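The chain contents come next:
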Amino acid sequence: MTMMASFLDSFVSKMPSLSTSDHASVVSLNLFVALLCACIVLGHLLEENRWMNESITALLIGLGTGVVILLISNGKSSRLLVFSEDLFFIYLLPPIIFNAGFQVKKKQFFRNFVTIMLFGAIGTVISCTVITLGVTQFFKKLDIGTFDLGDYLAIGAIFAATDSVCTLQVLNQDETPLLYSLVFGEGVVNDATSVVVFNAIQSFDLTHLNHEAAFQLLGNFMYLFLLSTLLGVATGLISAYVIKKLYFGRHSTDREVALMMLMAYLSYMLAELFDLSGILTVFFCGIVMSHYTWHNVTESSRITTKHTFATLSFLAETFIFLYVGMDALDIDKWRSVSDSPGTSVAVSSILIGLVMLGRAAFVFPLSFLSNLVKKNESEKINFKMQVVIWWSGLMRGAVSMALAYNKFTRAGHTDLRGNAIMITSTITVCLFSTVVFGMLTKPLIRYLLPHQKATTSMLSDDNNNTPKAITIPLLVDQDSFIEFTGNNHNVPRPDSIRGFLTRPTRTVHYYWRKFDDSFMRPVFGGRGFVPFVPGSPTERDPPDLSRA
């Protein structure tokens with residue numbers, strides 16, 4: 001009893017300190033939630049503004065909050081929470097990338113898949129190389145500390161990462177489907193490539209560089225890309241098969257919604273467990289789930305999952321931009337570079353210039369190569385579109401921030417002056433590119449592509465997931481083409497000479513649909529292969545499999 005009493009006394013004596021710490025955390029979380037609400041309200045009010053978007057609104061609110069906290073704390077702190085790359089990569093990035101794959105218009109994405117891979121993979125390597133060469137030449141002339149080859153390569157990988165969160169808010173896939181698919185697809189592949197290259201540089205022995213090491217690095221990248229994609233596809237197919245066979249909806253829609261959410265997150269965590277690219281894995285898992293799993297659940301679950309994934313993605317995006325704005329005023333980092341503000345400004349200016357040069361080095365040449373193999377004029381990337389693609393990818397955000405923190409800080413803090421300059425420069429580049437380039441993107445698109453909305457939003461497919469360009473009927477069979485065009489003889493038919501020369505009547509998409517309908521959908525479900533349960537309140541009529 002005496003021991004028990006002493007234990008209780010010690011526990012009670014510790015309770016005030018615990019409650020004080022918990023109270024501070026509760027206050028911080030309350031303020032952050034209130035700021036998220038403010039971002040949503042102000043974003044709604046400024047939705048029609050030609051200059052502002054929700055990401056810029058969240059950044060500015062974060063900056064304003066940081067100033068207030070800085071004044072209240074007498075210059076000691078500007079943050080409610082400590083930035084952690086683990087928080088970003090494990091909790092915030094997965095719902096954003098998954099929802100992007102879940103909501104993407106698959107026909108547009110896969111029709112431009114080769115171009116997307118050119119921009120996202122090869123383009124990222126080119127941009128990383130240009131930035132690395134540039135900082136190697138310029139930084140040696142500035143007094144910012146001692147950097148080795150690994151540091152310069154890491155800087156190239158950090159600033160080669162475009163912010164897919166920003167670019168998704170710049171373009172609308174209903175108004176500009178081709179541009180959206182290219183910019184969005186490049187953003188996802190770019191993020192994955194940048195992270196893979198960054199991790200490879202961190203773990204690679206740069207003291208013994210030779211041709212064999214270069215091929216080994218290339219082989220490692222292809223290995224990670226293929227296995228990450230296969231893991232995402234496999235996870236999505238498993239979820240589709242389980243839900244199709246067990247059909248949870250006959251008893252509880254909550255279970256099938258929960259299973260979809262958990263399987264989506266499991267795909268990302270499995271990729272991290274096996275040291276693969278979680279970004280690619282969860283993205284392709286989202287595509288497969290939207291193609292198969294989503295059609296296997298009840299109607300109420302479809303509505304629930306669609307809005308739930310979109311809401312989680314939206315909150316994660318807003319959270320990221322809000323915190324980046326708040327963390328930009330971290331006094332500890334700026335105090336380390338206060339003795340040489342000119343150097344910090346010079347470094348930031350050099351990085352912004354190299355970012356612009358790095359994108360131009362691959363967007364325009366690779367667009368030219370892509371146009372050479374495309375015979376249809378409507379699928380070619382004209383110069384105005386190339387300018388939009390180049391501009392919309394100039395923004396840098398949370399991915400660059402997280403990689404910079406991983407490289408140049410320890411537990412969110414840094415004591416070396418050179419590292420502090422790189423952190424403050426990264427913050428400056430992210431803020432400047434997001435606010436300035438982001439504000440100018442909408443007017444730029446309206447100026448370069450004034451009629452884009454009228455020509456692309458006129459048609460949509462039957463499941464409202466993929467816009468139909470005027471050339472889509474040439475991808476399908478004759479009956480579908482006649483059903484689509486009706487008596488419009490101005491559209492080239494696949495059996496005419498002009499239609500045949502414009503596009504072959506048998507394409508990859510045609511053979512994939514044949515394979516999908518014959519083998520994949522009967523096993524994994526999908527539109528037209530939904531399991532039927534008599535008396536189901538959401539599926540009262542059995543599906544007509546002949547129209548699948």
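Read on for an overview of the structure. Nothing here was measured: the structure is a model prediction, and the numbers come from that model.

Rules used throughout
- Along each chain, the written sequence defines residue order, and numbers are assigned to residues from 1.
- Where totals are concerned, whole chains, interfaces and linings use all residues; where local detail is concerned, this predicted model gives features only for residues with pLDDT of at least 70, and gives and counts side-chain atom pairs only at 80 or more.
- Side-chain metrics rest on all non-hydrogen atoms present in the structure, leaving aside hydrogens and water.
- Between N-to-C directions, angles span 0 to 180 degrees; the directions come from axes that are lines fitted to C-alpha atoms, helices contributing only their stretch in contact.
- Secondary structure is summarised from DSSP: a helix means a run of H or I of at least four residues, a strand means a run of E of at least two, and numbering begins at the N terminus for each.
- Two residues form a contact once any of their heavy atoms are found within 4.5 Å.
- Side-chain classes are defined by residue name, with Ala, Val, Leu, Ile, Met, Phe, Trp, Tyr, Cys and Pro counting as nonpolar, Asp, Glu, Lys and Arg as charged, and the others, Gly among them, as polar.
- Within this analysis, patches are made of residues with over 30% relative accessible area and no salt bridge. Like charges are joined at 9 Å or less; nonpolar side chains (Val, Leu, Ile, Met, Phe, Trp, Tyr) at 5 Å or less.
- Each accessible area is a Shrake-Rupley result for a 1.4 Å probe, and residues are judged covered by the shown protein chains and nothing else.
- Counted as salt bridges are all cases of a side-chain nitrogen of Lys or Arg within 4 Å of a carboxyl oxygen of Asp or Glu.
- Partly exposed describes any residue whose relative accessible area lies between the buried limit of under 20% and the exposed limit of over 50%, with all areas from a 1.4 Å probe on protein chains only and scaled to the type maximum.
- Two rings belonging to Phe, Tyr or Trp (six-membered ring only in the last case) form a pair when the distance between their centres is within 6.5 Å. Interplanar angles under 30 degrees mark stacking, angles over 60 mark edge-to-face geometry, and anything in between is tilted.
- Geometrically, a lysine NZ or arginine CZ counts as sitting over a ring once it is within 6 Å of the ring centre and also within 35 degrees of the ring normal.

1. A short note on the packing of helix α8 (residues 177-203) against helix α11 (residues 278-296)
- Between α8 and α11, the shortest axis-to-axis distance is 8 Å and the interhelical angle comes to 145 degrees. In this structure, α8 contributes Phe-184, Val-188, Asp-191, Ala-192 and Val-195 to the contact, and α11 contributes Ile-279, Leu-280 and Phe-283.
- Of the residues assigned to the contact of α8 with α11, the class counts are seven nonpolar, no polar and one charged.

2. Considerations on a nonpolar patch on the surface
- Taken together, the side chains of Phe-215, Leu-218, Met-222, Tyr-223, Leu-226 and Leu-227 define a hydrophobic patch exposed on the protein surface, amounting to about 600 Å² of accessible area.
- Within the element layout of this structure, Leu-227 appears in helix α9 (residues 211-246).

3. Remarks on the pattern of salt bridges
- Using the criterion set out here, one finds five salt bridges in the structure.
- Between Arg-359 and Glu-186 there is a salt bridge, with its nearest N and O atoms 2.8 Å apart. In this pair, Arg-359 is assigned in helix α14 (residues 341-372) and Glu-186 in helix α8, connecting sequence segments 173 residues apart. You'll find Arg-359 and Glu-186 in the same group, each marked buried.
- The salt bridge partner of Arg-521 is Asp-516, with a shortest N-O separation of 3.0 Å.
- Given a relative accessible area of 2%, Arg-521 falls into the buried group.
- Through salt bridges with shared partners, a single network forms among Asp-516, Asp-517 and Arg-521.

4. Points about the packing of aromatic side chains
- Under the criterion given, the structure shown has 22 aromatic pairs.
- Within the aromatic cluster, the residues linked to one another by ring pairs are Phe-109, Phe-110, Phe-113, Phe-184, Phe-283 and Phe-284.
- The residue whose ring lies beneath Arg-302 is Trp-294, and the NZ or CZ to ring-centre distance is 5.8 Å.

5. Some remarks on unusual backbone geometry
- Even without a glycine there, the phi angle at Asp-275 is positive, about 60 degrees.
- Looking at the secondary structure, you find Asp-275 in the loop between α10 (253-273) and α11.
- Residue Asp-275 is classed as exposed on the basis of its relative accessible area, which comes to 63%.

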